[in-house]
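Understanding the architecture of this molecule
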Amino acid sequence: MSTTSHRTQAAGGAAGRAADRCFSPESSTRTLARELYAEVEGLPIVSPHGHVDPRMLAEDIPLPDPAQLFIVPDHYVFRMLYSQGVPMAELGVPSRDGTPVEGDARKIWRRFAEHFHLFRATPTGLWLTIELETLFGVEEKLSAENADRVFDVIQEKLERPEYRPRALFERFNIHTLATTDAATDTLQHHLAMRERGFARVRPTFRPDAVLNLGAEGWRANVERLAEVSGIDVVDYGSFVAALEQRRAHFRALGATATDHASIAADVAPLSEAEVGAIFVRALAGAATAEDAARFTAHMLFEMARMSAEDGLVMQLHVGSLRNHNRAVFERFGLDKGADIPVATEWTRALRPLLDAYGNDQRYRLVLYTLDEASYSRELAPLVGHYPALRLGAPWWFFDSVKGMERYLDAVMETAGAYNLAGFNDDTRAFASIPARHEVWRRVVANWLATQTLRGLMDESDARAVARALAFEQALDTYRLA
Amino acid sequence: MSTTSHRTQAAGGAAGRAADRCFSPESSTRTLARELYAEVEGLPIVSPHGHVDPRMLAEDIPLPDPAQLFIVPDHYVFRMLYSQGVPMAELGVPSRDGTPVEGDARKIWRRFAEHFHLFRATPTGLWLTIELETLFGVEEKLSAENADRVFDVIQEKLERPEYRPRALFERFNIHTLATTDAATDTLQHHLAMRERGFARVRPTFRPDAVLNLGAEGWRANVERLAEVSGIDVVDYGSFVAALEQRRAHFRALGATATDHASIAADVAPLSEAEVGAIFVRALAGAATAEDAARFTAHMLFEMARMSAEDGLVMQLHVGSLRNHNRAVFERFGLDKGADIPVATEWTRALRPLLDAYGNDQRYRLVLYTLDEASYSRELAPLVGHYPALRLGAPWWFFDSVKGMERYLDAVMETAGAYNLAGFNDDTRAFASIPARHEVWRRVVANWLATQTLRGLMDESDARAVARALAFEQALDTYRLA
Amino acid sequence: MSTTSHRTQAAGGAAGRAADRCFSPESSTRTLARELYAEVEGLPIVSPHGHVDPRMLAEDIPLPDPAQLFIVPDHYVFRMLYSQGVPMAELGVPSRDGTPVEGDARKIWRRFAEHFHLFRATPTGLWLTIELETLFGVEEKLSAENADRVFDVIQEKLERPEYRPRALFERFNIHTLATTDAATDTLQHHLAMRERGFARVRPTFRPDAVLNLGAEGWRANVERLAEVSGIDVVDYGSFVAALEQRRAHFRALGATATDHASIAADVAPLSEAEVGAIFVRALAGAATAEDAARFTAHMLFEMARMSAEDGLVMQLHVGSLRNHNRAVFERFGLDKGADIPVATEWTRALRPLLDAYGNDQRYRLVLYTLDEASYSRELAPLVGHYPALRLGAPWWFFDSVKGMERYLDAVMETAGAYNLAGFNDDTRAFASIPARHEVWRRVVANWLATQTLRGLMDESDARAVARALAFEQALDTYRLA
């Protein structure tokens, strides 16, 4: 034990551990990583893609209790507990079939605390540890024993005015935060914020619900689109006009980007006649699965055309097979930790889009993958050539220390730093935003320190790249500068 | 040379080198890795999947000569020699076409020793080095010069009573060893061991030879199944009944698991009529290749159903294209180092099985892959969500220092430690078991030391995970506790 | 800043930085890496695959100006600048549609220098840095400020006799340099060199232009083949005879290898009747895309047959989708940085070839991939079994520090060192050859140092493997010894 204590001290002690989190144990690397991190630690946070609720910020609604803050809405958390046999109902995850679920925040928190060992060596465990320490001053590791005490500490803090969302927004030093909003959203909360002069929150145009003919409620979504746009959607032409109207509305309220999700990267324009016929079939409730796939591939092309014209940066998130677990989907609905990746082909799939817009300086497309094999094989070569392309940050499961390192290892040499989109936290957990950016900045600093000490770049270049990846590339990529 | 000696001494000298094998050269990592390894070094070995011959243990048959022990049955060894032009016949690999092969153990050993440089930086070289040191006290590196001398040292030891299998079983501190046995096996050696009160060896139910309609001798295997089960197999219903009878027999003799190999992960149940018709065609010798593929995909589903009912843990080893080298297969038969992996899709392929049993606490499925790209893309997300799933240890080519490190790097953050199956050695080389577990335990200790020193977990968590991965997870996953 | 300086000094200072380039910052690793590198640093360069112009060497034509030397012909360089919005015309890349392009070398150089930050952390940046330092004595980092000064320094040196190609050939200590030459090439420059007794430059037989029925100008290429071979190509039989005549000619002028590129690894022989019919259709200008794909797969088989007979080592480069960017292709033509990789399947694709020649000691096939996922999954197991196979060096995008490390990590444990082909620089940039070999040798030395200090091999084995990978394996694989 004394040996251990001695070593830990040599590496900096408890306080030192937090200060050097994510850095290599090798001493020259650690020293330089510290210096590079110091360069970027204080930079404002740019969060150009995420899922924070704009109403919470517009109305400055106090954060909820610890269970609602950390567990109930976070599928990273409950899917891990579920995988080890903890029923989702006991974690308070709301059911859509009327099954009763646990409603007592303290009980939910205890259940989580009892199983906190499941998060050893995971990014979820790391973010929570950082949040507890940094935001709530809790230094001890969560456990069955201290669950109630920690709950009380958090709960007490959450009631303070300085823990209200707008106060935290300032404390977190957020330069820009983009939300993700349906094409049919009126953006009333964004409007309200702008009217009060708070323009650092921006909407993002996400039309998946009206582009995917096979989605539950597509017909109703299209009706809603007609309603909010004031354009009667009776055919493909009026549908496109309504989408263009919404894009203009989003832009007027600060949007600089759109976001699109699909299972495959296929982009393939149809003739006017073909797409018109499919749209008519869909309105009549007679579209086939093949119609839906072709329509999605066509609409991605149409969206690229609109982006080239209106300048909204296009984001494409590919490769998640949603709602893989039928029983969980039927009982609990969407986004319940049961979305499983599939392999993604990019080189052939994106070619029609790139033929049309890949060399167009007005157009920008940011690509996100769940298939790490495509980083070095397809994505880095693509973004390292086409002026319109940028590679998005490591996404979802790869938003982790090793996921980030694999990303930097796989793409930097071919893509260079300036074809990368910097970082985005992609989170609905507002309070976790600083922890996620901190991990990215630390991992980048450590990675660059290693490169520098290996003589592969010099320190001034490492400093410049650290700043670019922490801050400037996100601004530039998303046209926020 | 003096510089070199000095540095090697600083790193611990010759003895120190063995003590720190697999650990990082970085000193704080090495120190902590040592401590974590000390925590698990003495834990009993759990070997829940492997290919040791139960007769050898039941009858305590002395180990064979050095050539038969290390070379002739080990396709890792002779495929490497073959790749560099050494004929398999000169290595004593038995032919099935009557071609004469070398029978002199000492000559075979010399041939191997002359080519020992081929095993530089390979796991085979590492295991052999550890075995020679630990089990036979041979510290010098094998070479053409010392081949005869080393042969004699090993041969002399092998004749001693303390080198008999049962003595080694105790010396190796084996808690449980599972063999792999055909569905048609009577398990007489397992029965004999149990009758003598030795219950630490367990059978595993592997029905591939009766499930694969396209396998050589399928018809004869089904007849043998009827014979040993006492159930006349005349149609699909009686076939299933016979399989269930065998599973019960295996369970009675200690089995806790089944094992299945297939080239693809497809699981797709057929209607009773469909599968019945295929089975009838197969009995009549008229099954097509498509019948065989559909039957395999159906039977994996049927096996899952049986596992949910009888509690046998199901193992699935996917992605090996067997007997790739036709000339080698024709002359030497199965398992001759010419099995080559193919890419594997899991997300869509397993969905029918997971729809039915993925949330069933009675059911457990352990997945093994030869496609490392699927670790982070599909497997970690699947096992990190479905209660029924565990991810098996790095398999076959990946049972190596770097293979293990890539596995831990790719899966731990998403799957967590407790959705992993721990380690299994998967070997037919009984004497190599401790070396293989030692490498795993050392690699895990080193990996956790790095995580800890980077501030990503604390030391008590690292100790707990080290114990879990070395011992507890294997017991728990295979329902051996 | 003083801390920084102190640390940099501890790691060796500016001179030390260059001396320890690519090595780990960990001190014991760095020390051993230095020793291992010292073992191989002075070995002659073997360059068995590349694209240097033989005329330049035959006629000892002075190297061109800095823009033509470093930028204009190097798609690694201009594709990165293009991805960040620098027009290719401003970089002097010649157009084929008559569009005017920049012709002033100094202006092109300035444009490059202004954007030199884009090459931070890239292999292109590293090679250039090494070349500037080692060949031109330029120690400062290129920038807009020093662009003219550096241009002048390089330009002045390039005019000296000791910078002529043949002088550099000696200074670079090149043992063998292979060029890549069309099947229809008369090899006049090779002949001229041999006549003057300079036999260290060898041609490589690359027949892609006559094997790919779909290539621009295939018909004209076949006519040229007939002309240079003196064999009238009227059907498949005479086509094969003409190819055999060319192979004999290449062998007579020192060739030891052939080279083949294809998008997929498929090899599938056709019947004489089938291939004859396709060839007749092609001569008539009536071949389909399917004909072309089948013909390529057949011809790879035919080429293997010829290699088994005449002993030319066959190289196969698979997986590049050429000319992905239509606009760039139309304006600038081939090889303009817009070749994007696709996933590659090897296990099934190569089986017909390996059935026929995989065990044939006369035959050798060297495989190159752009799909790193296939390294550990398919390629290492294949070359670790089949006597005829070797795995080529990390290719194209992976010819980088991290690309080389991923390659060694992924393949060495399964393939061993002696089934690898060593290194080749694959470059058309003659002056960059030493830098590329230096990076490989340093990365190998560092990798082996780590393995050694982790107790996974001993120092004498590490020395032997370092020599093998730096020099001996290239000689042996390409039958140059």
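So, here's what we can say about the structure. Please read all numbers here as calculations on a predicted model, not as lab measurements. (Residues numbered from 1 in each chain as written. Chains lettered and ligands numbered in written order. Predicted model: local features only at pLDDT ≥ 70, side-chain atom pairs only at ≥ 80, totals over all residues. Heavy atoms only, no water.)

Some details on the overall build of chain A
- When helices and strands are tallied, chain A shows 22 helices and 11 strands.
- Taken over C-alpha atoms, the radius of gyration comes to 23 Å for chain A, in line with the 23 Å a tight globule of 481 residues would show.
- Judged by the C-alpha coordinates and their principal axes, chain A covers about 80 × 60 × 45 Å.
- Counting every position in chain A, which comprises 481 residues, the buried fraction comes to 64%.
- Of all intrachain contacts in chain A linking residues separated by at least 6 positions in sequence, the fraction that spans at least 24 positions is 75%.
- A total of about 16,100 Å² of accessible surface is found on chain A, and carbon and sulfur atoms cover 50% of it.
- Each charge class in chain A can be summarised by its mean position, and for the 53 positive and 66 negative side chains these summaries are 3 Å apart. (Helix = DSSP H or I, 4+ residues; strand = E, 2+ residues; numbered from the N terminus. Rg over C-alpha atoms; globule rule 2.2 N^0.38 Å. Buried < 20%, exposed > 50% of the residue type's maximum accessible area, 1.4 Å probe, protein only. Contact = heavy atoms within 4.5 Å. Areas by Shrake-Rupley, 256 points an atom, 1.4 Å probe, with all protein chains shown as cover. Lys, Arg positive; Asp, Glu negative; His and termini not counted. Charge placed at Lys NZ, Arg CZ, Asp CG, Glu CD.)

Digging into the relation of the copies chain B and chain A
- Each copy superposes on the other: chain B lies on chain A with an RMSD of 0.0 Å after a rotation of 120° and an axial shift of 0.0 Å. In symmetry terms, the pair is related by a three-fold rotation axis.
- The share of interface residues of chain B whose copies in chain A are also at the interface is only 4%, consistent with the copies meeting through different surfaces. (Least-squares fit on C-alpha atoms with pLDDT ≥ 70 in both.)

Here we look at the packing of helix α3 (residues 27-40) of chain A against helix α21 (residues 433-453) of chain A
Residue and element names in this part refer to chain A.
- Interhelical geometry of α3 versus α21 gives an angle of 130° and a closest axis separation of 8 Å. Classified by the interaxial angle, the pair formed by α3 and α21 is oblique. Considering only the axes of α3 and α21, their crossing is right-handed. On α21, the residues touching S28, T29, L32, A33, L36, Y37 and V40 of α3 are E438, R441, R442, A445, N446, L448, A449, T450, T452 and L453.
- For the contact of α3 with α21, the per-class residue count stands at 9 nonpolar, 5 polar and 3 charged. (Axes fitted to C-alpha atoms, helices over the stretch in contact; angles between N-to-C directions. Parallel < 35°, antiparallel > 145°, perpendicular 65-115°, else oblique. Left-handed = near helix turned anticlockwise from the far one by under 90°. Nonpolar A, V, L, I, M, F, W, Y, C, P; charged D, E, K, R; others polar.)

What about the sheet that holds strand β1 (residues 45-47) of chain A?
All names here are of chain A.
- Strand order across the open sheet formed by 3 strands is β1-β2-β4, with parallel pairing between neighbours. Since the sheet does not close on itself, it has two edges, and those belong to β1 and β4 (201-202), each with one partner.
- Summarising the sheet, β1 and strand β2 (residues 174-178) pair through 3 bridges and their orientation is parallel. Note that in β2 the partner of V46 across the bridge is T176. (Pairing = 2+ DSSP bridges.)

Section: the interface of chain B and chain A
- Chain B puts 50 residues into the contact, and the matching count from chain A is 56 residues.
- Buried area between chain B and chain A, summed over both chains or domains, comes out near 4,400 Å², and the portion from carbon and sulfur atoms is 50%.
- On the chain B side of the contact with chain A, B:H385, B:E413 and B:R454 bury the most area, a combined 19% of that side's loss.
- Connecting chain B to chain A are 7 salt bridges.
- One salt bridge connects A:E405 with B:R454, and the closest N-O pair in it is separated by 2.5 Å. (Buried area = accessible area lost by both parts, 1.4 Å probe. Salt bridge = Lys/Arg side-chain N within 4 Å of Asp/Glu carboxyl O.)

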